[in-house]
Amino acid sequence: MSESTQSNNPPAHQSEDRFPEASQVSHRKLRQTIVDLFDAAEVRLLCSDLGVIYDDLGGPDTGISARVDTLILHVNRRQRLRVLLTMLREARPALTWDQIQIDENDPDALPTVVAPRIAQPDDNTPDTLLASQGFTALISLLRRPETREAIVRFQNDFQAASSRIDLMNDLKLAHDLFQELENRYFLIENDRKRLPGDDLAWDSLALNEPELGAKIDDLLSLVRQAVFAEEAKLWAEQLRKVQEMMRTAVEQSNPDQLNSATRRLYRIINRQPSRLNAQLITTAKALRLPNLETAVTTITASFNQSDLAESELVTQIKQGSAALSGIDARLRRLTTEHDAWQAIDDELRRVETSLDSGLEELDEAWLDLEPMTRSLLDAQTETWAADLQTVLAALTQAIDDAVIVTARRLFRRFRSQSGRRFRQVDLELLSLCHDLQKVGESLDLLLRTVK
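Here is what the cut-offs are and how they apply
- What you see as residue numbers is a count from 1 along each chain, following the sequence as written.
- Since the coordinates come from a predicted model, pLDDT governs what is reported: local features require at least 70, and pairs of side-chain atoms require 80 or more to be given and counted, while whole-chain, interface and lining totals use all residues.
- Note that the side-chain values use all heavy atoms of the structure and ignore hydrogens as well as water.
- The definitions used throughout rest on a 1 Å grid laid over the protein atoms alone, on which a cavity is an enclosed set of points accommodating a 1.4 Å probe that cannot get out and a pocket is an open set flanked by protein within 12 Å on both sides along at least five of seven lines; lining residues are those having an atom within 4 Å of a point.
- Grid points are joined across faces, edges and corners, and a volume is the space filled by probe spheres set on the points.
- Helix and strand definitions follow DSSP, with helices as H or I runs of at least four residues and strands as E runs of at least two, each counted in order from the N terminus.
- On a scale of 0 to 100, pLDDT captures the predictor's confidence in every residue.
- The contact criterion used is simple: two residues touch if any of their non-hydrogen atoms lie within 4.5 Å.
- For this document, the term salt bridge refers to a Lys or Arg side-chain nitrogen within 4 Å of an Asp or Glu carboxyl oxygen.
- Relative accessibility decides the category of a residue: with a 1.4 Å probe and only protein chains considered, values under 20% of the type maximum give buried, values over 50% give exposed, and everything between is partly exposed.

Participant: Please explain empty space enclosed by the protein as it appears in this structure.
Facilitator: One pass over the full model with this rule turns up two cavities of 30 Å³ or more. Of the pockets and cavities examined, the second largest cavity occupies roughly 30 Å³. Around the second largest cavity, the lining residues are Asp157, Ala160, Ala161, Arg164, Leu287, Arg288, Asn291 and Leu292. Put simply, the parts of the chain that give the lining of the second largest cavity at least two residues each are α8 (155-193) and α12 (289-301).

Dropping the structure here:
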């Protein structure tokens, strides 16, 4: 932003207005406000401060309004809306919340990404809410001179955690879009198998192909803005080519090109989600939340003998520290279970391709699959685990007795039920990523006060 803009920034204590919740902000009003108050160069600087590449918000002919619209959706999806609002207020002190808040005559509420909720601790106080409140309190405490030096020492850890949270969320969103893409692929594949005997299959393909293309567009759009965009260039380009091949094949009723497109798409779907998952788990394990907990504990310890020891701010920060420990425990549990189900799912995919030709592959793979699954189920008491135990036992017996028809039927039931549990773990992990983003938002706000 320009020097004149920066010099008009109010002191920190003057910009402590209560942040409106994302659902209270009008998407339309916020977009128009930014367009009215900022020129293209200033929007580019906003993007830079937010870690967003301005040129990735659209093509060379994309106008500033469309770029700002994409920017708003990008930061909102990553739970960084309050950070954007803070930056806008710092750059334009005259901006009021009334200018961007939703009202009765303007139903254009900014959409929020709401992840499925998972069970919280028995005290009914979500760990992540406490952590977010604790770090927000830390922002206020930071302004005390005696605390500033101690907090600055931990800035790098905070920044690294926030970056990893962003990466985790992008990886999980991409994995979920791949799941949706796979569902569309199966519809296309079922239509393809009806050819050449059933010409009506082309009519069905004409309906399903645009939906498949839309899912590919969604995935490619995410990848362009994702933290891992550079790493995904190769498979993203392959996916774009498959999209073009599929469209041409259906438009020209070309079975050979359709076969080639579906094979390529299956190869991408069969490889990339598991690789995204592996990177997600690696990132989660490297998050080092205990480092953040230690940082906050160290900071608060210096005040235990001071007049701040019993203050509400210090109490909130201590609660935030404990909450981080709770988040870390949930994260470790989910990543461990996720690793195990991913290994099982990979093996099941491999076996299924050979199932129609006999039980040889299944019989061999079951030596590993059966104990792997049982180790996951032994500690579980929920209904899903009991149901899966029943199918597991029946399938083991069918394999031992070499009853091919029964084994095939039970294998598919086993894969369906284990897949449901894998998806549930995925949903819980996505929910945790969403929760971690809320903590990350507070960390971003904290870091802005350190600069």
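Picking up where we left off.
Participant: Sorry, what's going on with the confidence of the model for the protein chain here?
Facilitator: Any region with low pLDDT has predicted coordinates that should not be read closely. For the protein chain, per-residue confidence averages 80 on the pLDDT scale, and 79% of positions sit at 70 or higher. Low confidence marks residues 1-23, where pLDDT is under 50. Its contacts with residues over four positions away, or in another chain, come to 39 contacts.

Participant: Just checking my understanding: could you explain the pattern of salt bridges for this structure?
Facilitator: Taken as a whole, this structure holds 21 salt bridges when the rule is applied. Notably, a salt bridge pairs Arg92 with Glu42, separated by 2.9 Å at the nearest N-O pair. Placement of the pair is Arg92 in the loop between α5 (81-91) and α6 (127-142) and Glu42 in helix α3 (residues 40-50), with a sequence separation of 50 residues. Note on Arg92: relative accessible area 15%, which makes it buried. Judged by its relative accessible area of 10%, Glu42 falls in the buried class. Between Glu337 and Arg421 there is a salt bridge; the shortest N-O distance is 2.9 Å. Of this pair, Glu337 sits in helix α13 (residues 312-352) while Arg421 is found in helix α16 (residues 404-450), placing the two residues 84 residues apart along the sequence. The network of salt bridges with common partners includes Glu182, Asp345 and Arg349.

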